[in-house]
Amino acid sequence: MSRTIKVLCYLAPWFAVIFMCSYFTPYFGNDYRYMLVEGTDSMVGSLYDILVSQYRHYFDWGGRTVNHLLAQFLLYIGKPWQSLITAAGYILLVLAICWTGFGYRPSLRLRLLPLCFVSLILWLCLRNFGEVVINVVSSCNYMFSTLIILLFLLPFRQSMHKERDVRPGWFAAVMFGAGLIAGWTNENTGFAAVAVVGLYNLKLLCERRLSLWQLCAGCGLLLGYLLLILAPGNEARLEFMQAKGFDFWQHFFDASLSIIGISFVTQHLLLISLIYVLWLLNRHALLRLSSPDVCAGLWLCAAGFLSLLIMLASPTIPARSVTPFTVFTAAGVLALYRELYLRGIKVLPAWSLKLLLPLFFAFSAATAFNAVQGYYQAHLDNYKRGLEIILQLRQGKKDLVVHPLNVSRTRYLYLADAKADKNNWANLILARYYGLDSIVRICDEPQSDRIGDFVYFSKLGQPICRVKKSSAAGASGNSSAIEQ
């Protein structure tokens, strides 16, 4: 059996899992917002509506035009095409990490062990997996945007094996456009890309090895990033947050530092792999910058760490913003591993792989099965929710009350459902989408001290919360009326 067939056979189950999760998941929160034309209560009905929405969005709320163009397009075409593209994007991300780590041209002729490493790292370490990969809007903001930047960095990674990488003039034009798109995606990922590409190009310039395509790519990347961060909507968004009482320094000391610390803890397998590979390289006196693979590995890891640490300067640090750290650092570990592999140095003994891989895959299979079941349960619950809403609308009600889902949230299950508080952001979006005065859920799930990234299995088939006295008490948002 050829390598290509083996790779396809290995990736097929992952594709199926992501597709089923995406297909069954209901829409939540911002999904409903981006189904509407920005600034109106009208549904997006054409590609022109998407362009109009993102033009307005750029001036009213933020600069992530590339991400939100894709998000609105996916919501516009709907399922199953939306789910097929999401699953294909995830598989492409797995492959792109391998290509960038090893400096390969895009191909399916890959060894299975590195492919297993990447897929397990993403499944076990990617923070808020369900939100980052499955949810439409969040996946465009983090999974797809990181994929775009990673593919943009691939030619730079390949050039590290050449004294001077000269390519045709048309390639310089393509890379300028690719840089413009890559820089215009995400603030922390874009910053890291601008930093590492800028430093690499500066090094090449000082050594008189800078090629036209590298210069054009760097200029396009910087221009795209400036279009992102200088968007008038960013200032409008910050003013909105400050009007709500947001204080940067209070958030920095009360939340930012702890979120970054927890984020490093969630990267357990990835950080252990990085430290171990660096230790092996140092032990064999191979940790030197004269090696293209070592340079590439450190370069990619630097991009990962920069993308995470720059978030300390952000007004908020959502867990999903750790995505580029996981992706870039995983590629960096592969580049460092390649130096050991080419020199015939075994990273792990065969017996340990025979022991660890079955354990990891058994755990992944169990959690994946639970995730698919969970999304299917949410799909059924959402169908009943739709009937609830239709019944109340037919009764002429403008203040709706709905029941909770029968599935709990995990790292793989993203459920940004409406709350018992009608002023919750998800409730407000739903009310706008349905043209209501308000919508509430009869109760809220009890608060948990557990970090969501370490919740792997969902409880299925029972409501996430129950009302002690009456639905009216639950709808009022009175927490005393809520029990497990």
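Residues numbered from 1 in each chain as written. Predicted model: local features only at pLDDT ≥ 70, side-chain atom pairs only at ≥ 80, totals over all residues. Heavy atoms only, no water.

Undergrad: Help me understand the overall build of the protein in this model?
TA: A count of helical and extended segments in the protein gives 19 helices and four strands. What you see for the protein is a C-alpha radius of gyration of 24 Å, in line with the 23 Å of a compact globule of 484 residues. If one aligns the C-alpha atoms of the protein with their principal axes, the spans along those axes are about 75 × 50 × 45 Å. A total of 484 residues make up the protein; the buried ones form 52% of that total. Nonlocal contacts in the protein, meaning residues at least 24 apart in sequence, comprise 79% of its contacts between residues at least 6 apart. Per element, the accessible surface of the protein, about 22000 Å² overall, is 64% carbon and sulfur. For the protein, the distance from the average position of its 42 positive side-chain charges to the average position of its 27 negative side-chain charges is 12 Å. (Helix = DSSP H or I, 4+ residues; strand = E, 2+ residues; numbered from the N terminus. Rg over C-alpha atoms; globule rule 2.2 N^0.38 Å. Buried < 20%, exposed > 50% of the residue type's maximum accessible area, 1.4 Å probe, protein only. Contact = heavy atoms within 4.5 Å. Areas by Shrake-Rupley, 256 points an atom, 1.4 Å probe, with all protein chains shown as cover. Lys, Arg positive; Asp, Glu negative; His and termini not counted. Charge placed at Lys NZ, Arg CZ, Asp CG, Glu CD.)

Undergrad: Got a minute to help me understand the side chain of serine 458 in this structure?
TA: Along the polypeptide, serine 458 turns up in the loop between β2 (438-441) and β3 (466-467). You can call serine 458 buried: its relative accessible area is 8%. Every residue in contact with serine 458, bar those within four places of it in the chain, is listed here: Asn370, Val407, Ser408, Thr410 and Leu413.

Undergrad: Whenever I open this one, the packing of aromatic side chains confuses me. Can you help?
TA: By convention here, two paired aromatic rings are described through the distance between centres and the angle between planes. Scanning the entire structure with this criterion turns up 31 aromatic pairs. Both rings, one in phenylalanine 28 and one in tyrosine 414, keep their centres 6.4 Å apart while their planes meet at 90°; by these two values the pair is edge-to-face. Here phenylalanine 28, found in the loop between α1 (3-24) and α2 (30-34), pairs with tyrosine 414, found in the loop between β1 (399-402) and α18 (425-434); they are 386 residues apart in sequence, far enough to count as distant. Just as phenylalanine 28 is buried, tyrosine 414 falls in that class too. With 5.1 Å between their ring centres and 75° between their planes, phenylalanine 363 and tyrosine 456 make a pair best called edge-to-face. Placement of phenylalanine 363 in helix α17 (residues 350-394) and of tyrosine 456 in the loop between β2 and β3 is noted, with a sequence separation of 93 residues between them. A relative accessible area of 18% means that tyrosine 456 is categorised as buried. An aromatic cluster is present here, built from Phe152, Phe156, Trp170, Phe171, Tyr200, Trp213 and Trp299 joined pairwise through their rings. Across the ring face of tyrosine 27, the terminal group of lysine 79 is positioned such that the distance to the ring centre comes to 5.0 Å. A cation over a ring is seen here: arginine 167 above tryptophan 213, with NZ or CZ 5.0 Å from the ring centre. (Phe/Tyr/Trp six-rings, centres within 6.5 Å; stacked < 30°, edge-to-face > 60°. Lys NZ or Arg CZ within 6 Å of the ring centre and 35° of its normal.)

Undergrad: Any chance you could explain the packing of helix α14 (residues 268-283) against helix α16 (residues 323-342) here in plain terms?
TA: Each pair of packed helices can be described by the angle between their axes along with the distance between the axes. For the pair α14 and α16, interaxial distance at closest approach is 10 Å and the crossing angle is 25°. Taken as axis vectors, α14 and α16 run roughly parallel relative to one another. Every pair of crossing elements has a handedness; the one defined by α14 and α16 is left-handed. Residues Leu270, Leu271, Ser273, Leu274, Val277, Leu278, Leu280 and Leu281 of α14 form the contact with α16, whose participating residues are Phe325, Thr326, Thr329, Ala330, Val333, Leu336, Tyr337, Glu339 and Leu340. Class assignment for the residues of the contact of α14 with α16 results in 13 nonpolar, three polar and one charged. (Axes fitted to C-alpha atoms, helices over the stretch in contact; angles between N-to-C directions. Parallel < 35°, antiparallel > 145°, perpendicular 65-115°, else oblique. Left-handed = near helix turned anticlockwise from the far one by under 90°. Nonpolar A, V, L, I, M, F, W, Y, C, P; charged D, E, K, R; others polar.)

Undergrad: Help me out: how do you make sense of the pattern of salt bridges in this one?
TA: Tallied over the full model, the rule gives 19 salt bridges. A salt bridge links glutamate 339 to arginine 343, with the nearest nitrogen and oxygen atoms 2.8 Å apart. Judged by relative accessible area, arginine 343 falls into the partly exposed class, the value being 47%. Through salt bridges with shared partners, a single network forms among Arg385, Asp417, Lys419, Arg441, Asp444 and Glu445. (Salt bridge = Lys/Arg side-chain N within 4 Å of Asp/Glu carboxyl O.)

Undergrad: Could you clarify how one ought to interpret α14 in this entry?
TA: Along an α-helix, residues three or four positions apart point the same way, because every turn accommodates 3.6 residues. Helix length check: α14 (16 residues) gives 22 Å between terminal C-alpha atoms against 22 Å at 1.5 Å per residue, within 8%. Among the residues of α14, Leu270, Leu271, Ser273, Leu274, Val277, Leu280 and Leu281 are the ones counted as buried. Directly after α14, the chain includes alanine 285, whose backbone phi takes a positive value near 55°. (Expected span 1.5 Å × (residues − 1).)

Undergrad: Honestly, the state of the cysteines in this entry has me stumped. Any pointers?
TA: Here a disulfide denotes one covalent bond, and it connects the sulfur atoms of two cysteines. Under the counting rule described, the total for this entry stands at one disulfide. The side chain of cysteine 443 participates in a disulfide bridge whose partner is cysteine 465; the two sulfur atoms lie 2.0 Å from each other. Disulfide cysteine 443-cysteine 465: the torsion about the S-S bond is 85°, which places it as right-handed. Note that cysteine 443 is positioned in the loop between β2 and β3 and cysteine 465 in the loop between β2 and β3, a separation of 22 residues in sequence. On the basis of relative accessible area, cysteine 443 is assigned to the buried category, the value being 0%. Summary of cysteine pairing: cysteine 9 is not part of a disulfide, and the nearest cysteine sulfur, belonging to cysteine 116, is at 13 Å. By relative accessible area, which is 47% here, cysteine 9 ends up partly exposed. As a non-bridged cysteine, cysteine 206 has cysteine 295 as the owner of its nearest cysteine sulfur, 15 Å distant. (Disulfide = S-S within 2.5 Å.)

Undergrad: Would you take a moment to explain unusual backbone geometry for this structure?
TA: In this structure, the amide linkage connecting lysine 79 to the following residue, proline 80, adopts the cis form with an omega of 10°. Assignment of secondary structure puts proline 80 in the loop between α4 (65-77) and α5 (81-102). Positive phi outside glycine occurs at asparagine 128, with the angle close to 50°.

Undergrad: For this particular structure, what's the right way to read a nonpolar patch on the surface?
TA: On the surface, Tyr276, Trp279, Leu348, Trp351, Leu355, Leu356 and Leu359 cluster together into a nonpolar patch covering about 720 Å² of accessible area. For the nonpolar patch, the elements supplying multiple residues, two or more each, are α14 and α17. Looking at the nonpolar patch element by element, the count peaks at four residues for α17. Positionally, leucine 356 belongs in helix α17. (Patch = residues over 30% accessible without salt bridge, like charges linked within 9 Å, V, L, I, M, F, W, Y side chains within 5 Å.)

Undergrad: So what exactly am I meant to see when it comes to helix α6 (residues 112-125) here?
TA: Helix length check: α6, at 14 residues, gives a terminal C-alpha distance of 19 Å against a target of 20 Å (1.5 Å per residue), a fit within 8%. The buried count for α6 comes to twelve of 14 residues, which makes it a mostly enclosed element. For α6, the set of buried residues is Pro114, Leu115, Cys116, Phe117, Val118, Ser119, Leu120, Ile121, Leu122, Trp123, Leu124 and Cys125.

Undergrad: How should the confidence of the model for the protein be read in this particular structure?
TA: Chain-level pLDDT for the protein is 90 on average; 92% of the residues reach the 70-or-more range. Low confidence marks residues 470-484, where pLDDT is under 50. Its contacts with residues over four positions away, or in another chain, come to 28 contacts. (pLDDT = per-residue confidence, 0-100.)

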